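Architecture and fold: a report
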Amino acid sequence: MNSLERAAKRKLQAEKILDELQLIQKWNTVGNCFIVGAAAYDLIVTPDIDIETFCKVPNPQIIMSELALLTQNKNVIELKYRDYTSTDFNGHYFKLIYQSEGIDWNIDMWLFSNERSGALSRDLVQFMKDNLTEETRKAILEIKEALLELNEKYSSIFIYQAVLEYGVKHIDGFLAWTKNHNTTVPFHWQPNSIYANK
């Protein structure tokens, strides 16, 4: 099984979890919900799912009451909430861990105001879908897998930037690229083509 096939298998697993927990439906009751990150781009390597939801007046208590019901599911082994509204993230953060076949799936969920300014993962989804090719998707997946083997941790956004904007194709090239580029979080890559018409 190659990297593309492994990613496709993980995407199916992610979709099954989302369907079982009805997470998209729950979040859509409080705002506009978007699947973002690797799950949106078919680039899952580690078992992670990312969700962003936007509404006029964020009220974390409303969605938390819905998420709390999921703790009745035997596969949901952790649920957390943290207020990041006074930080650069400027949002409400929820984390759920779902255990399946001995694997812990980390589900990161953010609740933002519609008025939140700055770059958002939501804004990258269409760009990524429009610009990823089989070649660049394979490069990203192989770099991600190589970083796991090396026990090197970098936010995936930097891998996407290195491959799509700078033409990096292999792990050695990516590690060299990190020596001359910002790889600190919070950071959101903003390809010019996304914001040129805004």
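Before going into details, it helps to say that this report is about the structure given with it. (Residues numbered from 1 in each chain as written. Predicted model: local features only at pLDDT ≥ 70, side-chain atom pairs only at ≥ 80, totals over all residues. Heavy atoms only, no water.)

**Some thoughts on the overall build of the chain**
A tally of helices and strands in the chain yields 9 helices and 5 strands. Ordering the α and β elements of the chain from the N terminus gives α-α-β-α-β-α-β-β-β-α-α-α-α-α. For 198 residues, the compact-globule estimate of 2.2 N^0.38 gives 16 Å, and the C-alpha radius of gyration of the chain, at 17 Å, lies within 12% of that figure. Counting only C-alpha atoms, the chain reaches 45 × 40 × 25 Å along its principal axes. In the chain, which comprises 198 residues, the share counted as buried stands at 44%. Summarising the internal contacts of the chain: among those between residues at least 6 apart in sequence, 63% fall at separations of at least 24. With the model as given, the accessible surface of the chain reaches about 11,000 Å², and the carbon-plus-sulfur share is 47%. Considering the chain, the positive charge centre built from 21 side chains and the negative charge centre built from 26 side chains are found 1 Å apart. (Helix = DSSP H or I, 4+ residues; strand = E, 2+ residues; numbered from the N terminus. Rg over C-alpha atoms; globule rule 2.2 N^0.38 Å. Buried < 20%, exposed > 50% of the residue type's maximum accessible area, 1.4 Å probe, protein only. Contact = heavy atoms within 4.5 Å. Areas by Shrake-Rupley, 256 points an atom, 1.4 Å probe, with all protein chains shown as cover. Lys, Arg positive; Asp, Glu negative; His and termini not counted. Charge placed at Lys NZ, Arg CZ, Asp CG, Glu CD.)

**Let's talk about helix α7 (residues 156–166)**
Inspection of α7 places I157, F158, I159, Y160, Q161, A162 and V163 among the buried residues, and these make up the whole buried set. Against α3 (38–41), α5 (121–131), α6 (134–150) and α8 (171–178) lie the buried residues of α7. Phi turns positive, to about 75°, at G167, one or two residues after α7.

**Focus on the packing of aromatic side chains**
Under the definition given, this model contains 14 aromatic pairs. Seen from their ring centres, W27 and F94 are 5.3 Å apart, and the 75° between their planes marks the pair as edge-to-face. Here W27, found in helix α2 (residues 23–28), pairs with F94, found in strand β4 (residues 92–100); they are 67 residues apart in sequence, far enough to count as distant. Arranged with centres 5.5 Å apart and planes meeting at 85°, the rings of Y41 and Y160 form a pair that is edge-to-face. In this pair, Y41 is assigned in helix α3 and Y160 in helix α7, connecting sequence segments 119 residues apart. What makes Y41 buried here is its relative accessible area of 3%. (Phe/Tyr/Trp six-rings, centres within 6.5 Å; stacked < 30°, edge-to-face > 60°.)

**Here we look at the environment of L67**
Tracing the sequence through the fold places L67 in helix α4 (residues 60–69). The exposure class of L67 is buried, given its relative accessible area of 0%. Taking the C-alpha atoms as reference points, L67 and T87, 20 residues apart in sequence, are found 24 Å from one another. Apart from the residues within four sequence positions on either side, L67 is in contact with L23, W27, L79, F94 and M109.

**A short note on the packing of α6 against α7**
Contact geometry for α6 and α7: axes closest at 10 Å, N-to-C directions at 140°. The pairing of α6 with α7 is recorded here as oblique in orientation. In this structure, α6 meets α7 at a crossing whose hand is right-handed. In contact with T136, A139, I140, I143, K144 and L147 of α6, α7 contributes S156, I159, Y160, V163 and L164. (Axes fitted to C-alpha atoms, helices over the stretch in contact; angles between N-to-C directions. Parallel < 35°, antiparallel > 145°, perpendicular 65-115°, else oblique. Left-handed = near helix turned anticlockwise from the far one by under 90°.)

**Here's the deal with unusual backbone geometry**
Its identity is not glycine, yet Q22 carries a phi of approximately 55°, on the positive side. A positive phi is found at N90, a non-glycine position, where the angle reads about 50°. By the secondary structure assignment, N90 is in the loop between β3 (76–83) and β4.

**Here we look at the side chain of H92**
In this structure, H92 sits in strand β4. At 2.7 Å, the side chain of H92 and the side chain of Y81 are in polar contact. Setting aside its immediate chain neighbours within four residues, H92 contacts P58, P60, Y81, R82, D83, T85, M109, W110 and L111. (Polar contact = N/O pair within 3.5 Å; in protein donor to acceptor, adjacent residues only side chain to side chain.)

**Some words on the nonpolar core**
With 52 residues, the main nonpolar core has L23, W27, I107 and F174 as its most contacted residues. Each residue touching I107, except ones within four places of it in the same chain, is listed here: I17, L21, L23, I49, I51, F94, K95, L96 and Y98. (Core = buried A, V, L, I, M, F, W, Y, C linked by side-chain atoms within 4.5 Å.)

**Some words on the packing of helix α1 (residues 3–21) against α6**
Two numbers describe how α1 lies on α6: the axes approach to 9 Å, and their chain directions differ by 80°. Classified by the angle their axes make, α1 and α6 are roughly perpendicular. Where α1 abuts α6, its residues S3, L4, R6, A7 and R10 lie against E134, R137, K138, L141, E142 and E145. In terms of residue class, the contact of α1 with α6 is built from 3 nonpolar, 1 polar and 7 charged. (Nonpolar A, V, L, I, M, F, W, Y, C, P; charged D, E, K, R; others polar.)

Distances and angles like these do not, on their own, reveal function.
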